[in-house]
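Structural overview
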Amino acid sequence: MKRYYIFKDGMMIGSTATRENASDMIRSYQKAETHPFLKSEFSIIFGEEEIIPYESTRKKRQRTIEGFDR
C-alpha cells in the first residue's frame with residue numbers, strides 16, 4: 001500500500017493516504033508551535049509499506065538442522 005509518511009525533525013509522526021492530508025497534518029503541527037526560534041523541520045516521504053512476517057519456528061529449526069544457520 002502506497003502512503004505518505006510525515007516526519008518531524010527526523011522522527012516519523014504519522015502517515016496518510018494522500019499528499020493533501022499530509023500537508024494538512026504538517027500545517028496543524030506548525031500552528032501548534034509557539035516559539036519562533038524553536039521551529040521544527042517537517043518532511044514527507046512517499047513510499048510503499050511492506051510487512052515482513054517473522055520466520056516460523058518450524059522453518060528456522062529445519063534450516064538449523066540442514067546446517068544453513070551457523
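Structural data are supplied above this passage.
To start, this report covers the structure provided alongside it. (Residues numbered from 1 in each chain as written. Predicted model: local features only at pLDDT ≥ 70, side-chain atom pairs only at ≥ 80, totals over all residues. Heavy atoms only, no water.)

Digging into the sheet that holds strand 3 (residues 42-48)
One open sheet accounts for 3 strands, arranged 2-1-3; its pairing is antiparallel. For this open sheet the edge positions go to strand 2 (11-16) and strand 3, each flanked by a neighbour on one side alone. Recorded for the sheet is a direction-independent mean angle of 30° between the axes of neighbouring strands. Here strand 1 (residues 2-8) runs beside strand 2; their pairing, made up of 5 bridges, is antiparallel. Along strand 2, the bridge assignment pairs tyrosine 5 with serine 15. (Pairing = 2+ DSSP bridges. Helix = DSSP H or I, 4+ residues; strand = E, 2+ residues; numbered from the N terminus. Axes fitted to C-alpha atoms, helices over the stretch in contact; angles between N-to-C directions.)

A closer look at unusual backbone geometry
Glycine aside, the phi torsion of most residues is negative, and most peptide linkages are trans. In the Ramachandran plot, aspartate 9 falls in the positive-phi region, its phi being about 50° despite a non-glycine side chain. Following the sequence through the fold, aspartate 9 ends up in the loop between strand 1 and strand 2.

A short note on the pattern of salt bridges
One pass over the full model with this rule turns up 1 salt bridge. Lysine 2 is paired through a salt bridge with glutamate 48; the nearest N and O atoms lie 3.7 Å apart. Of this pair, lysine 2 sits in strand 1 while glutamate 48 sits in strand 3, and the two are 46 residues apart along the sequence. Here glutamate 48 falls in the exposed class, since its relative accessible area comes to 55%. (Salt bridge = Lys/Arg side-chain N within 4 Å of Asp/Glu carboxyl O. Buried < 20%, exposed > 50% of the residue type's maximum accessible area, 1.4 Å probe, protein only.)

Some remarks on the environment of methionine 1
Note that methionine 1 resides in the segment before strand 1. Overall, methionine 1 belongs to the exposed group, its relative accessible area being 60%. In sequence terms methionine 1 and alanine 17 are 16 residues apart; their C-alpha atoms lie 9.0 Å from each other.

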